[in-house]
2 protein chains.
Amino acid sequence: MLKLWTNAEFPPEPTRRFEAGVSSHELIRAQESSSLNLISAPPDARLLEAEIAFGQPDVEQLFESERLKWVHLTTAGYTKYDRDDLRESFRQRGIVMTNSSSVYAEPCAQHALAMILGFARQLILSYDEQRSDRAWSYVDIRRRSFLMGGQSVILYGYGAIARRLSELLAPLRVKLIGVRRHPRGDEFIPTVSLEDHVEWLKQADHVINILPASAQSHNFFDATMFQNLKPTAYFYNIGRGTTVDQMALIQALQESRIAGAYLDVTDPEPLPVDHPLWSAPNCFITPHTAGGYDAEMFGLVDHFLDNLRRFEQQEDLIDQII
Amino acid sequence: MLKLWTNAEFPPEPTRRFEAGVSSHELIRAQESSSLNLISAPPDARLLEAEIAFGQPDVEQLFESERLKWVHLTTAGYTKYDRDDLRESFRQRGIVMTNSSSVYAEPCAQHALAMILGFARQLILSYDEQRSDRAWSYVDIRRRSFLMGGQSVILYGYGAIARRLSELLAPLRVKLIGVRRHPRGDEFIPTVSLEDHVEWLKQADHVINILPASAQSHNFFDATMFQNLKPTAYFYNIGRGTTVDQMALIQALQESRIAGAYLDVTDPEPLPVDHPLWSAPNCFITPHTAGGYDAEMFGLVDHFLDNLRRFEQQEDLIDQII
């Protein structure tokens, strides 16, 4: 029997599944729990008793905990835990950290595919017409539509989402290029380094940003990057808002230097109602919903319980990040 | 050298490609040509001289033509040529007819996939919010989104579009069922007959109508059909508008007996601005653009020229319908 701390809060049914799945352990609930993954939870003294932490524990407390063996995050992003000192401390103490990226790869990949095809088939243009003059612009909208075959898609951020999106795009016969800090040669798609990516960026029809937030990725997509895009290129962000210089993106859209943008993440979130991104031309925004789906909470619980079984049997954990 | 009649009209560049491709033959242009594939062209006396007809020839003239060997249509649909007497006459005289379905299978399949994923990822809901209160309804929209894996997709109309759409849907791990008048057992997906389809329809999450217009398909999707759908099911039409009882569809949407509809075809077209389909709840319409793409006219020309080469070399033609 292990002491299992959580500050994750789920609706009744996933909660029942979670509680049944951990019933052989001692469950310690944080005094303040949160159903919103992206909000920082406060410190909780009970965390210090636990061997396993599930949810979004306070970072500073992770340094203090003496019994901790394993931390499982309920998010795919882990910016606040992405610290050299935390990694060092965990390694010294033999603590592992896992995240929920497996849970979010599938919806995020499907979301990105939906955005790409939304542009290709001009769904928003048709919807605008449906909501206005209903002009049945048959000839014009057909001419603005395009086929995906032969289009070049460049993926920034090499991980579970990029891999799954590559699988979904494969039957559309696109040209896929990945960008990775240090390509190793065993990637699932042709991959170039951060030294070589610009020549590929210049040829891309679709630029997919899946970068996590970090000091290195901050404003990675800046004015210079957008200047390298073709005027017919589309930009997508399903990574994090801070990786984009949003003013540079707005300017590129306003000056028609790129064809359009579809963003699932912004900086800040929620995006203020008067923010100019909302009304930039050909800029469409989904409110950080790329990873969401009806059974998402069951997905998070099942992923944790799978890892718990692996932890009990001393197998490798899925989505280990430390 | 063959006499090649056409009433198809293309923009300058595809026209140049067409003229270069047929330069070894005698080109006879109709007195009235049409760049709009879906409009009936008038009779043209010159058709009677031709051995090959490319475009949308007048049906009655096809019975009279004494030299004709091959008719190639610039559309995928061929309702006005779908007549037993024409088939009989062509067979007796050894005339073949081909259409352009290969050209349209790819964009139509991509369009259907875009519609399906548009619902799955709630892109229109997010766009409505972007254009209104910008409320960042993170929790609600995530909960309304769904994953495609395990969803049941039923395809009515067994042909090039259904085959290509099946390929695009495969990596999403959906359950595919085709419906065909007389399944032969060699279909590319599990296929049921018109006698057995209802039990599958009742389980379907996505009902995709790719039926062509014909006497048998008229109002095929009627009130009884919509009553068989699950309240969470989505209905799509990329076939022909006449195959749907539109008033029954509107009623099903108004009474929330289905979750939504995405239509690329309606009856009539253009759909009058005050038609109730435009404002039916969760009903989205693209103005017959599913088959369109920027290079569509090149696609039509290339497909014809490929068949012309086959005709010259007495090979089998692509997309033969008679």
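Going along each chain's sequence as written, the residues are numbered from 1 onward. By the order in which they are written, chains take letters starting at A while ligands take numbers starting at 1. In keeping with the predicted nature of the model, local features appear solely for residues at pLDDT of at least 70, side-chain atom pairs appear and are counted solely at 80 or more, and the whole-chain, interface and lining totals rest on all residues. Computation of side-chain values: all heavy atoms of the structure, hydrogens and water removed.

Peer 1: Explain the layout of surface pockets to me, please; I cannot follow it from the model alone.
Peer 2: Using a grid of 1 Å spacing that covers the protein atoms alone, one calls a set of points a cavity when a 1.4 Å probe fits there but cannot get out, and a pocket when the set is open and has protein on both sides within 12 Å along at least five of seven lines; lining residues are those with an atom within 4 Å of a point. Grid points are joined across faces, edges and corners, and a volume is the space filled by probe spheres set on the points. Of the voids in this model, the largest pocket is the one considered here, and its volume is about 1500 Å³. B:Tyr78, B:Tyr158, B:Ile210, B:Leu211 and B:Pro212 are, among the 49 residues lining the largest pocket, the residues nearest its centre. Secondary structure elements follow DSSP: runs of H or I no shorter than four residues count as helices, runs of E no shorter than two count as strands, and numbering proceeds from the N terminus. Of all elements in the fold, only α6 (138-144) of chain A together with α3 (84-93), α4 (101-120) and α7 (160-169) of chain B reach the threshold of two or more residues within the lining of the largest pocket. The element best represented in the lining of the largest pocket is α4(B), accounting for three residues. Where each domain begins and ends follows an automated or database-derived domain assignment. Counting contributing residues per domain, the lining of the largest pocket is built from domain 1 (3-99 + 294-312) and domain 2 (105-285) of chain B, each supplying no fewer than three. Put simply, the second largest pocket is a space of about 1300 Å³. The set of elements that each furnish at least two residues to the lining of the second largest pocket consists of α4 (101-120) and α7 (160-169) of chain A together with α6 (138-144) of chain B. With four residues, α4(A) is the largest single contributor of residues to the lining of the second largest pocket.

Peer 1: What is the right way to look at the sheet that holds strand β9 (residues 206-209) of chain B in this model?
Peer 2: The pairing of strands in a sheet happens through backbone hydrogen bonds and is either parallel or antiparallel. All names here are of chain B. Paired strands, as defined in this entry, are two strands with at least two bridges between them according to DSSP. Sheet architecture is open: seven strands sit in the order β8-β7-β6-β9-β10-β11-β12, paired in parallel fashion. The outermost strands of the open sheet, each flanked by one partner alone, are β8 (191-192) and β12 (283-285). Two elements, strand β7 (residues 175-179) and β8, share two bridges in a ladder whose sense is parallel. When the bridges of β8 are listed, Gly-178 appears paired with Thr-191. Should any heavy atoms of two residues lie within 4.5 Å, those residues are considered in contact. For helices, the axis comes from a line fit to the C-alpha atoms of the stretch in contact; other axes are also lines fit to C-alpha atoms, and the angle between any two N-to-C directions lies between 0 and 180 degrees. Helix-sheet contacts for α4 involve β9, β10 (234-237), β11 (260-263) and β12, and the interaxial angle to β11 is about 150°. Against the sheet, helix α10 (residues 246-254) touches β10, β11 and β12, its axis set at about 140° to β11.

Peer 1: Help me out: how do you make sense of the domain arrangement of chain A in this one?
Peer 2: Many authors give the size of an interface as the accessible area that is lost as the parts come together. Domain parsing of chain A yields domain 1 (3-99 + 294-312) and domain 2 (105-285). With centres defined by C-alpha atoms, the gap from domain 1 of chain A to domain 2 of chain A works out at 32 Å.

Peer 1: Can you help me understand the relation of the copies chain B and chain A in this one?
Peer 2: Copy one and copy two of the chain differ by a rotation about a common axis and a shift along it. Least-squares superposition of the copies uses the C-alpha atoms of those residues scoring a pLDDT of at least 70 in each of them. Note on the identical chains: chain B maps onto chain A by a rotation of 180° and an axial translation of 0.0 Å, with an RMSD of 0.1 Å. Taken together, the turn and the small shift mark the pair as related by a two-fold rotation axis. Proximity to the rotation axis, assessed at the C-alpha, singles out B:Ala114 in chain B; its C-alpha lies 3.0 Å from the axis. When the interface residues of chain B are mapped onto chain A, 100% of them again fall at the interface, so both copies present the same face.

Peer 1: Help me out: how do you make sense of the pairing of strand β1 (residues 3-8) of chain A in this one?
Peer 2: Looking along a regular strand, one sees the side chains alternate between the two faces of the sheet. Residue and element names in this part refer to chain A. For the exposure calls, accessible area comes from a 1.4 Å probe over protein chains only, and a residue counts as buried if that area is under 20% of its type's maximum, exposed if over 50%, partly exposed in between. In terms of burial, β1 is a largely internal element, five of the six residues being buried. Note: β1 against strand β3 (residues 52-55), three bridges, orientation parallel. Each bridged residue has a counterpart across the sheet, and for Trp-5 the counterpart in β3 is Ala-53.

Peer 1: Explanation requested: helix α5 (residues 123-130) of chain A in the structure shown.
Peer 2: Within an α-helix, residues lying three or four positions from one another point in the same direction, as the helix has 3.6 residues per turn. Counting buried residues along α5(A), six of its eight residues qualify, which places the element largely inside the surrounding structure. Inspection of α5(A) places A:Leu123, A:Ile124, A:Ser126, A:Tyr127, A:Glu129 and A:Gln130 among the buried residues, and these make up the whole buried set.

Peer 1: In this structure, what is going on with the environment of A:His288? I would like to understand it.
Peer 2: Residue and element names in this part refer to chain A. Structurally, the position occupied by His-288 is in the loop between β12 (283-285) and α11 (296-312). Between the alpha carbons of His-288 and Ile-238 there is a distance of 8.1 Å; along the sequence they are 50 residues apart. Within the structure, His-288 has its side chain in polar contact with the side chain of Glu-269 (distance 2.6 Å). Under this definition, polar contacts are N or O atom pairs within 3.5 Å; protein pairs additionally need one hydrogen-donor-capable and one acceptor-capable atom, and for neighbouring residues in sequence, both atoms have to be side-chain atoms.

Peer 1: Hey, could you run me through the pairing of strand β6 (residues 152-156) of chain B in this one?
Peer 2: Residues and elements named next belong to chain B. Taken across its five residues, β6 has five buried, putting it largely inside the fold. Neither face of β6 is exposed, since Ser-152, Ile-154 and Tyr-156 on one face and Val-153 and Leu-155 on the opposite face are all buried. Pairing between β6 and β7: five bridges, direction parallel. Residue Leu-155 lies in a different strand from β7, and its bridge partner there is Gly-178. Seen with its strands pointing away from the viewer, a crossover is right-handed if its path from the first strand over the helix to the second goes clockwise. Once you follow β6 into α7 and on to β7, the crossover reads as right-handed. In this structure, β6 lies alongside β9, joined through four bridges in parallel fashion. Within the sheet, the bridge partner assigned to Tyr-156 lies in β9 and is Asn-209.

Peer 1: Looking at this model, I keep getting lost on the environment of A:Ala233. Mind explaining?
Peer 2: Residue and element names in this part refer to chain A. In this structure, Ala-233 sits in the loop between α9 (223-227) and β10 (234-237). Considering only alpha carbons, one finds Ala-233 and Leu-201, 32 residues apart in sequence, at a separation of 9.6 Å. Among all residues touching Ala-233, those that are not within four sequence positions of it are Ala-204, Asp-205, Ile-258, Ala-259 and Gly-260.

Peer 1: Just to check I follow, could you spell out the pattern of salt bridges for this structure?
Peer 2: Opposite charge on two side chains permits pairing when their charged atoms draw close. A pair is scored as a salt bridge if a Lys or Arg side-chain nitrogen falls within 4 Å of a carboxyl oxygen belonging to Asp or Glu. Applying the stated rule across the entire model yields 34 salt bridges over all chains. For A:Asp82, the salt bridge goes to A:Arg87, with nearest N and O atoms at 2.7 Å. Between B:Asp205 and B:Lys230 there is a salt bridge, with its nearest N and O atoms 2.8 Å apart. Placement of B:Asp205 in the loop between α8 (197-201) and β9 and of B:Lys230 in the loop between α9 (223-227) and β10 is noted, with a sequence separation of 25 residues between them.

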